[in-house]
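Examining the three-dimensional arrangement
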Amino acid sequence: MSSPDIEVKCFLQCVANGVYNHVADAITSLGKNGLGEANFSINWTTTVQDNYSRTNWSYVNTKDGRPFRTNIVGQIATSTCGRKHSAKGTHFTKKNVPLSDSDTVKWKWALSKPTLCSLNLMDIWENQLTLIEDWVTEESKRALMSSKINMCITKSASNLQYADLIMLTLQRIYEKAEVTPGTLYDLRILPDYRGSYFQLQQNKLKQLNIYESTDNGLKLIPMHETYSKLRPGTLILAICDAHVYNMVQNGQPTSTFQLSVQAMKVLDLSDKPVKECLIPILSTTSIDMSKDDSAIATFSTFNITISPAKKKSKGGKGKEKEKTD
């Protein structure tokens, strides 16, 4: 992971205000309800498979047989770490086909160790990673020998020896009104829901269980406001279910480990700059080139045309404005 950005004040404020110590104490008080203390096969175990084909796995508490749910703490990482927080979410464009009502779209967040966190919170973070590794290791033994394993932990850099990120998957963000209770929004409320990429007809944007901090009254955060309130650097707590999805993809048996978010709460806000949302673009040519790539998207909109009012005389000296990041 990169070193802390000294221009971002929120991390130093967390240290100065004792936020990290308070969070560590609160997580420790959860005991086995926190992932770092919930040992797989001892505190939670596999239950009856959760689909008609009986190939997927869900989990229950060994003590009372109730569905296993656990609390996970971490800091939201950047999109380069696998975060999918946009109007297109996890949708992958196949053969230049636009997004439609039949497609499943979810948000996905990568969590990292909180920047400048206390030793106690660092231990909690490392315990969470270890418990997930233990779960994946044990359950991978039950998968088919030739299965590809998709883990819910990953590395932020290829040269790291061990995984340092936890991947969380939220519920569907688009649903039909008649099957979804609760608040629904017009799709266009999301700032990047624009253009021919989106062809939804009946689906609406669904309000997920994403909450403000306790200091802000634990109010639901409207979906379009999550872009600023859940920016990279935000410290969050998520309560999650655990699942393993076993399927065959292109002839390859695949086991996908997933931590599915039921609710998320902001613990401390970030003051990192919010990046501009990129608008997904469908290709209008026969060239097989993904316009979902940010470099290609900016290339497509690049324009050096200068309006007559802004043109300068050839003899004049232009003064360049120096940019700083």
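Reference entry: report on the structure contained in this document.

Parameters and conventions
Residues numbered from 1 in each chain as written. Predicted model: local features only at pLDDT ≥ 70, side-chain atom pairs only at ≥ 80, totals over all residues. Heavy atoms only, no water. Helix = DSSP H or I, 4+ residues; strand = E, 2+ residues; numbered from the N terminus. Buried < 20%, exposed > 50% of the residue type's maximum accessible area, 1.4 Å probe, protein only. Contact = heavy atoms within 4.5 Å. Areas by Shrake-Rupley, 256 points an atom, 1.4 Å probe, with all protein chains shown as cover. Pairing = 2+ DSSP bridges. Expected span 1.5 Å × (residues − 1). Arc of directions from axis to C-beta. Phe/Tyr/Trp six-rings, centres within 6.5 Å; stacked < 30°, edge-to-face > 60°. Lys NZ or Arg CZ within 6 Å of the ring centre and 35° of its normal. Patch = residues over 30% accessible without salt bridge, like charges linked within 9 Å, V, L, I, M, F, W, Y side chains within 5 Å. Salt bridge = Lys/Arg side-chain N within 4 Å of Asp/Glu carboxyl O. Disulfide = S-S within 2.5 Å.

**Thoughts on the overall build of the chain**
- What the chain contains, in helices and strands, is 5 helices and 13 strands.
- By residue count, 41% of the 325 residues in the chain fall in the buried class.
- The contacts of the chain with a sequence gap of at least 6 include a subset with a gap of at least 24, amounting to 68%.
- For the chain, the accessible surface area stands at approximately 19,500 Å², while carbon and sulfur atoms represent 52% of it.

**Some details on the sheet that holds strand E10 (residues 203-206)**
- Read from one edge to the other, the open sheet built from 3 strands follows the order E8-E10-E9, with strand pairing classed as antiparallel. Strands with a single pairing partner mark the edges of an open sheet, and in this sheet they are strand E8 (174-176) and strand E9 (184-185).
- Across 2 bridges, E9 lies against E10 in antiparallel orientation. What sits directly across from Leu184, in E10, is Lys206.

**So, helix H3 (residues 119-140)**
- Between the first and last C-alpha of H3 there are 31 Å, a value that for 22 residues agrees with the 32 Å anticipated at 1.5 Å per step.
- Of all the residues in H3, the buried ones are Leu121, Ile124, Trp125, Gln128, Leu129, Leu131, Ile132, Trp135, Val136 and Glu139. The arc enclosing the buried residues of H3, seen along the axis, measures out at 155 degrees, which places them on a common side.

**With respect to the pairing of strand E13 (residues 252-268)**
- The buried fraction of E13 amounts to 12 of the 17 residues, a majority that puts the element mostly inside the structure.
- Pairing analysis gives 2 bridges linking strand E7 (residues 165-172) to E13, with the strands arranged parallel. Residue pairing across strands places Thr169 opposite Ser260, the latter belonging to E13.
- In sequence, strand E12 (residues 235-249) turns back onto E13 through a hairpin of 2 residues, with Asn250 there showing a positive phi of about 55 degrees.

**Here we look at the packing of aromatic side chains**
- By the definition in use, this model includes 12 aromatic pairs.
- Taking the centre distance of 6.0 Å and the plane angle of 70 degrees together, the rings of Trp107 and Trp109 count as edge-to-face.
- Through pairs of rings, three or more aromatic residues link up here, namely Phe40, Trp44, Tyr59, Phe68, Trp135 and Phe257.
- Of note, Arg142 hangs over the ring of Trp57, and the distance from its end group to the ring centre comes to 4.0 Å.

**Structural notes on a nonpolar patch on the surface**
- Residues Leu12, Val15 and Leu116 make up a contiguous nonpolar surface patch of roughly 260 Å² in combined accessible area.
- Residue placement: Val15 occurs in helix H1 (residues 10-16).
- Assessed through its relative accessible area of 44%, Val15 is described here as partly exposed.

**Side note on helix H2 (residues 19-29)**
- Within H2, the full set of buried residues consists of Val19, Tyr20, Val23, Ala24 and Ile27. The arc enclosing the buried residues of H2, seen along the axis, measures out at 130 degrees, which places them on a common side. Across from the buried face of H2, at angles greater than 90 degrees, the exposed residues are His22, Thr28 and Ser29.
- Packed against the buried residues of H2 are H1, strand E3 (69-76), H3, E12 and E13.
- Immediately downstream of H2, the backbone of Gly31 shows phi near 60 degrees, a positive value.

**Brief notes about the state of the cysteines**
- What the rule picks out here adds up to 0 disulfides.
- The structure places no disulfide on Cys14, whose sulfur is separated from the nearest cysteine sulfur, that of Cys10, by 6.2 Å.
- A residue is classified by how much of its surface remains accessible, and Cys14, at 4% relative accessible area, is buried.
- The thiol of Cys152 is unpaired, and the distance to the nearest cysteine sulfur, on Cys240, comes to 9.3 Å.

**Overview of the environment of Pro191**
- Mapped onto the fold, Pro191 is located in the loop between E9 and E10.
- Taking the C-alpha atoms as reference, Pro191 lies 8.8 Å from Ile279; in sequence the two are 88 residues apart.
- Excluding its chain neighbours within four sequence positions, the residues that come into contact with Pro191 are Tyr227, Cys277 and Ile279.

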